[in-house]
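Overview (structure and organization)
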Amino acid sequence: HAQALYLSNNFSAAAKVLAADIEADEKAGKAPTEEQLQLLANAYQQQRESAGYARAMEKLVAHYPKKDYWLSVLHGIVTRPGYSEKLAVDLARLKLATGTLRTATEYLEAAQLSLQEGFPMEASQIIELGYGTGLLGAGAEADRHKRLKDMAAKHLAEDRKALAQDESQAGDAKDGKTLFNDGYNYVLHGNSSKGLAMMEKGLKLGTGFRRPEHAKLQLAHAYHLAGQNQKAIQTYRTVQGNDGAASIARLWIIRLGRNGGAA
């Protein structure tokens, strides 16, 4: 029925029928078929109905987490009106988790973003993964990759030294955002109980945050890195706003909820 409507170019009616069928399936605990979801996404796309299309694509990655669907959904976030460029580092973290960083440039940009934010540990991990895939360390740009790798390693060594010195007076006289970022750094370095406590305290203090919704994404990611996926999901559920932050949060919930939160 829905297919006939779709084929006769009645996309709006097709979408209505499909959406109702899919909702009924989900209520009954049945997964909608991949074909149904694809057809729904296409029906919305034909009507330039971007919100509906985004919802349909989110359902596709939830039930059928293929790389192509992830790529499409992540591309959708960036191209939607109102998207904030300041989410680039959060988007990179999600791409890393879903295996959708596809080029040397994407790995380099992700690593540079982490370095700029002051997290050389994260940058170094991204670079290592890039080398592991063979995308970094090869081709005409191999020297440039090596320079970034060395720079991240140098910053990381300085970072480790600073953290060791900071142990004694951690948390003194800092604004909320500084405390929060220092805490994230501790989590990256494997000291998650201390780091998460600092992040939670920093967020409560509330000083220095220009984008609290983005901070929640970072806190949720820190819970995930610390192996506390239920807490990560709870935190992602609190993220709001129309700049793409809430969309990234929803996709993390799908990603962590789908396979019991396994990486």
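Let us look at the structure shown here.

Rules and cut-offs
Residues numbered from 1 in each chain as written. Predicted model: local features only at pLDDT ≥ 70, side-chain atom pairs only at ≥ 80, totals over all residues. Heavy atoms only, no water. Salt bridge = Lys/Arg side-chain N within 4 Å of Asp/Glu carboxyl O. Helix = DSSP H or I, 4+ residues; strand = E, 2+ residues; numbered from the N terminus. Buried < 20%, exposed > 50% of the residue type's maximum accessible area, 1.4 Å probe, protein only. Expected span 1.5 Å × (residues − 1). Contact = heavy atoms within 4.5 Å. 1 Å grid on protein atoms, 1.4 Å probe; cavity = no way out; pocket = protein on both sides within 12 Å on 5 of 7 lines; lining within 4 Å. Points joined across faces, edges and corners; volume = space filled by probe spheres on them. Nonpolar A, V, L, I, M, F, W, Y, C, P; charged D, E, K, R; others polar.

So, on to the pattern of salt bridges. Applying the stated criterion across every chain yields a total of 13 salt bridges. Across the pair Glu26 and Lys59 runs a salt bridge whose closest N-O atoms are separated by 2.8 Å. Within this pair, whereas Glu26 is found in helix 2 (residues 11-27), its partner Lys59 is found in helix 4 (residues 50-63), the two being separated by 33 residues in sequence. Looking at Glu26, the relative accessible area reads 29%, which means it is partly exposed. Two residues, Asp150 and Lys146, come together in a salt bridge whose shortest N-O distance is 2.9 Å. Highlighted residues: Asp150 and Lys146, both in helix 9 (residues 142-166), separated by four residues, approximately one helical turn. Taking the relative accessible area as the measure of exposure, Asp150 reaches 39% and is therefore partly exposed. With a relative accessible area of 44%, Lys146 lands in the partly exposed category. Sharing partners across several salt bridges, the network here consists of Asp90, Arg93 and Glu122.

Each α-helix winds once per 3.6 residues, and so residues spaced three or four apart point in a common direction. Taking 1.5 Å as the rise per residue, helix 12 (residues 212-225) with 14 residues should run 20 Å; its terminal C-alpha atoms sit 20 Å apart, in good agreement. Helix 12 sits mainly inside the fold: 11 of its 14 residues count as buried. The secondary structure elements touched by the buried residues of helix 12 are helix 6 (88-98), helix 8 (120-133), helix 10 (176-188), helix 11 (192-205), helix 13 (229-236) and helix 14 (245-258). Directly after helix 12, the chain includes Gly227, whose backbone phi takes a positive value near 80°.

By the definition in use, this model includes two cavities of 30 Å³ or more. Put simply, the largest cavity is a space of about 40 Å³. As for the largest cavity, its lining consists of Asp90, Arg93, Leu217, His221, Tyr236, Ile248 and Trp252. For the lining of the largest cavity, the elements supplying multiple residues, two or more each, are helix 6, helix 12 and helix 14. Looking at the lining of the largest cavity, its residues break down into four nonpolar, one polar and two charged. There is about 30 Å³ of room inside the second largest cavity. Every residue lining the second largest cavity is listed: Ala54, Glu58, Val73, Ile77, Arg80, Ser247 and Leu251. Among the elements of the structure, helix 4, helix 5 (67-79) and helix 14 are those that each provide at least two residues to the lining of the second largest cavity.

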